[in-house]
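The residues making up each chain are set out below.
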Amino acid sequence: MNIISRRLLSLAVLHCLLASPGHALKHSFVANHDGRFFIGPIGLPFGFLKGGVYSLRVSKFLMNVVSHGQHSNNGRKNENIPMTEKDMIAQMDGLHPGFLLKRFDTEADFATFRETILENASNCGFGGIEDEIDEESFTNTEDDNRWPPSSNLTQVTDDMVATGRGVYDAGTDGIFLSMKHPVQWKPNEPTVHHVFTAHEAGYYFLFYQVCLLNDAENGKYLFKEVQSTFKLDFEYKNYDAMGKISYLTAGEMPLPHLYLYFSISYTLMLFLWIRFTKRDGNSARKPTVYAIHHLMSSVVLLKALSMFFESVRYHFIRIKGHAELWSLIYYLINFIKGTFLFTVILLLGSGWSFFKPFLSTKERRVIYLVFLLQVIDNVAMLVLSHETMGEKYYSNWSAILHLVDIVSCCAILIPIVWQVNTLERSVEDVANENENEEHQPNLQNDEMTMDDETKRLQTKLSLFRSFYIAVVAYIYFTRIVVYLFASTLSYNQTWLKYFVSEVGTLLFYMVIGIKFKPAVESEYMQVGSDEGSEENKAAKHKDNSIELGVMVHTKE
């Protein structure tokens, strides 16, 4: 049971990392005295199709071994052993650092693999590939001049890499770049360029590991920290059915059109919603439109815009690999949309506009809290958009992003719970009053009034209970179910997680719109048609007081 729990936790952590706002497929990655023996995944996982290209260049590679608690420096003092280019080979006995682009069927498989490595540092993720590297290739310098300059990564041909020093094509197991002898790459830099065949197509994850090779010599690394310093420039790309370059992973190629279709769907929903709220007819039968309905219209409009700009963003990522300007616009619209969505749910849950024209002090505080959390959430998204998965700050900000999101989701449930509790107490109070008045035959009209109040309260209680269930189901589905479902998808089906998530969101918008749509004579606060009579005014005042949670007992 503990093993299953650890694996589920590992999978959840991986999904927190993979659920990032950045989707650019031209990356730079920097590690500066990084003490992690395993770094992965580096960048987003990528699904390569036949003809897909993987390019990698490593620069400024350096390793240091320091005692725990000490800072690395460039001097050789006691137990602090710097590994410069001159003596790195001599100092790296028992260590084999390298980069492996390895194929996995699903994200869950990589999560399991990653957990296995992290649990035991002696487990080498290269899987024996490092043993296939011919040591003689590191000493053969006759063909140094044939390697292209490091300033142009894409000029390296696949044939050059196939016979290059330190690079091993393991076929379906991936592409391995050994950094055990980085000096032998001089005057150039370690470079990989690989074109995938139809047999090699699949879902690939890039990771870096420092493996311990010789148990007899590993004692000198006991209580020591192996620090790695390097910079990566890597690029993934595919070719679509038209033969054009696509920087999107195989499973995300449909996303530009997918988000465009959802944008059109929300635009149609907005049109129908506005038409319904403004429909003409007999004024006595015209739906009652409250201020909250206009806010709901704004949420649908912002959702349609966010889907449109998401479509545009993915389009430019597909053709260029980056979309900084469109990403900035998308994040801005998404921030406003998210803030409006959470605010509308809070207002609906509190009964504002339907039942009361104001908010209590507690409700206002919850709204301020959610707004603050949304600001933090979007700051984290902006920071992550400028980081590459695997970097130290990426993990920290990713954790903040998902923690804030969970707290926001819990906060929006608070007013709904308050409203349900208030209505339940009101129903009980009215029921008790009915029991007391059953033995007074001269108060039959009052009994009918109390019965009407009870029915109205029961209707509202049922409405808010179903609203609570809908919100919880939406949060559970989009935050948990979708990611568990995504972990089972193959490399060319990853678009389904976005599709399923957006379908769930679309259904949630539809359900909330149906439940809180403008209604004739308002199902939320029905009063008699003869508003001029004193009895109806008193009944209306009492009904409003009940819905605010304050029972007003009138005595004749």
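Keep in mind that what you see is a predicted model, and the values were worked out from it rather than measured.

Observations regarding the overall build of the protein
And step 1. Helix and strand counts for the protein stand at 14 helices and 14 strands.
And step 2. Counting the 556 residues in the protein, one finds 50% classified as buried.
And step 3. Counting only contacts in the protein whose residues sit at least 6 apart along the sequence, the fraction spanning at least 24 positions is 80%.
And step 4. For the protein, the accessible surface area stands at approximately 27000 Å², while carbon and sulfur atoms represent 58% of it.

Overview of the nonpolar core
And step 1. If you look at the biggest cluster of nonpolar residues, it comprises 58 residues, and the most contacted ones within it are Ile-292, Leu-348, Phe-467 and Val-471.
And step 2. Of all the secondary-structure elements, those providing two or more residues to this core are α6 (255-277), α7 (291-320), α8 (324-350), α9 (361-385), α10 (392-411), α11 (413-437), α12 (444-486) and α13 (495-515).
And step 3. Here this core takes nine residues from α12, the largest share from any one element.
And step 4. Other than its neighbours up to four places away in sequence, Leu-348 contacts Ile-292, Met-296, Phe-354, Phe-464, Phe-467, Ile-512 and Phe-516.
And step 5. Counting 29 residues, the second-largest nonpolar core is a separate cluster that includes Val-58, Leu-177, Val-192 and Phe-230.

Points about the packing of α7 against α13
And step 1. Interhelical geometry of α7 versus α13 gives an angle of 165° and a closest axis separation of 11 Å. Taken together, the axes of α7 and α13 lie roughly antiparallel to each other. Note that α7 runs across α13; the crossing there is left-handed. The segment α7 lies against α13, with Met-296, Val-299, Val-300, Lys-303, Met-307 and Tyr-314 engaging Tyr-498, Glu-502, Thr-505, Tyr-509, Ile-512 and Gly-513.
And step 2. Here the residues of the contact of α7 with α13 sort into eight nonpolar, two polar and two charged.

Description of the packing of aromatic side chains
And step 1. For the structure shown, the criterion picks out 37 aromatic pairs.
And step 2. Residues Phe-29 and Phe-230 carry aromatic rings whose centres are separated by 6.0 Å and whose planes lie at 20° to one another, so their mutual orientation is stacked. Within this pair, whereas Phe-29 is found in strand β1 (residues 26-34), its partner Phe-230 is found in strand β11 (residues 224-239), the two being separated by 201 residues in sequence.
And step 3. Residue class for Phe-29 comes out buried when judged on its relative accessible area of 0%.
And step 4. Each ring, one from Phe-316 and one from Trp-326, has its centre 5.7 Å from the other, and the planes form 15°; the classification is stacked. Within this pair, whereas Phe-316 is found in helix α7, its partner Trp-326 is found in helix α8, the two being separated by 10 residues in sequence.

Comments concerning the packing of α7 against α8
And step 1. Their axes nearest at 8 Å, the elements α7 and α8 cross at an angle of 155°. Judged by the inter-axis angle, α7 sits roughly antiparallel to α8. Relative to α8, the crossing made by α7 is left-handed.
And step 2. Its residues assigned to classes, the contact of α7 with α8 shows 20 nonpolar, four polar and four charged.

Topic: the environment of Glu-310
And step 1. Relative to the helices and strands, Glu-310 is located in helix α7.
And step 2. Overall, Glu-310 belongs to the buried group, its relative accessible area being 5%.
And step 3. Taking the C-alpha atoms as reference points, Glu-310 and Leu-258, 52 residues apart in sequence, are found 9.9 Å from one another.
And step 4. Leaving out residues up to four positions away in the same chain, Glu-310 has contacts with Tyr-259 and Tyr-330.

Re the environment of Tyr-509
And step 1. Topologically, Tyr-509 is positioned in helix α13.
And step 2. With 35 residues separating them in the primary sequence, Tyr-509 and Tyr-474 have C-alpha atoms 9.8 Å apart.
And step 3. Those residues in contact with Tyr-509 that sit more than four places away from it in its chain are Tyr-266, Met-269, Val-299, Val-300, Lys-303, Lys-337 and Leu-341.

Notes on the confidence of the model for the protein
It should be kept in mind that the predicted coordinates are not to be read in detail where pLDDT is low.
And step 1. Across the protein, the average pLDDT comes to 75, with 68% of residues at or above 70.
And step 2. Across residues 1-22 the pLDDT falls below 50, and counting only partners more than four positions away or on other chains, this stretch makes 41 contacts in the model.
And step 3. Contacts of residues 74-83 to residues separated by more than four positions or lying in other chains number 32 contacts, the stretch itself having pLDDT below 50.

Observations concerning the pairing of strand β10 (residues 202-212)
Put simply, side chains in a regular strand alternate between the two faces of the sheet.
And step 1. Across the 11 residues that make up β10, a large majority, 10, are buried.
And step 2. Of the pairings in the sheet, the one linking strand β2 (residues 38-39) to β10 comprises two bridges and is antiparallel in character. The residue of β10 that forms the bridge with Phe-38 is Gln-209.
And step 3. One ladder, built from three bridges, connects strand β3 (residues 46-48) with β10; its direction is antiparallel. The residue of β10 that forms the bridge with Phe-48 is Gly-202.

Overview of a nonpolar patch on the surface
And step 1. A contiguous nonpolar surface patch, about 380 Å² in accessible area, is contributed by Leu-260, Tyr-261, Ile-264 and Phe-308.
And step 2. With three residues, the single largest contributor to the nonpolar patch is α6.
And step 3. Residue placement: Tyr-261 occurs in helix α6.

So, the state of the cysteines
And step 1. Across all of its chains, the model carries one disulfide by this definition.
And step 2. Among the cysteines around Cys-409, which has no disulfide bond, Cys-410 carries the closest sulfur, lying 6.9 Å off.

Observations regarding the pairing of strand β9 (residues 191-195)
And step 1. Along β9, four of the five residues are buried, which leaves the element largely enclosed by surrounding structure.
And step 2. By the bridge criterion, five bridges tie strand β4 (residues 53-67) to β9 in an arrangement that is antiparallel. Considered in β9, the bridge of Arg-57 is made with Thr-191.

Analysis parameters
- Residues numbered from 1 in each chain as written.
- Predicted model: local features only at pLDDT ≥ 70, side-chain atom pairs only at ≥ 80, totals over all residues.
- Heavy atoms only, no water.
- Helix = DSSP H or I, 4+ residues; strand = E, 2+ residues; numbered from the N terminus.
- Buried < 20%, exposed > 50% of the residue type's maximum accessible area, 1.4 Å probe, protein only.
- Contact = heavy atoms within 4.5 Å.
- Areas by Shrake-Rupley, 256 points an atom, 1.4 Å probe, with all protein chains shown as cover.
- Core = buried A, V, L, I, M, F, W, Y, C linked by side-chain atoms within 4.5 Å.
- Axes fitted to C-alpha atoms, helices over the stretch in contact; angles between N-to-C directions.
- Parallel < 35°, antiparallel > 145°, perpendicular 65-115°, else oblique.
- Left-handed = near helix turned anticlockwise from the far one by under 90°.
- Nonpolar A, V, L, I, M, F, W, Y, C, P; charged D, E, K, R; others polar.
- Phe/Tyr/Trp six-rings, centres within 6.5 Å; stacked < 30°, edge-to-face > 60°.
- pLDDT = per-residue confidence, 0-100.
- Pairing = 2+ DSSP bridges.
- Patch = residues over 30% accessible without salt bridge, like charges linked within 9 Å, V, L, I, M, F, W, Y side chains within 5 Å.
- Salt bridge = Lys/Arg side-chain N within 4 Å of Asp/Glu carboxyl O.
- Disulfide = S-S within 2.5 Å.

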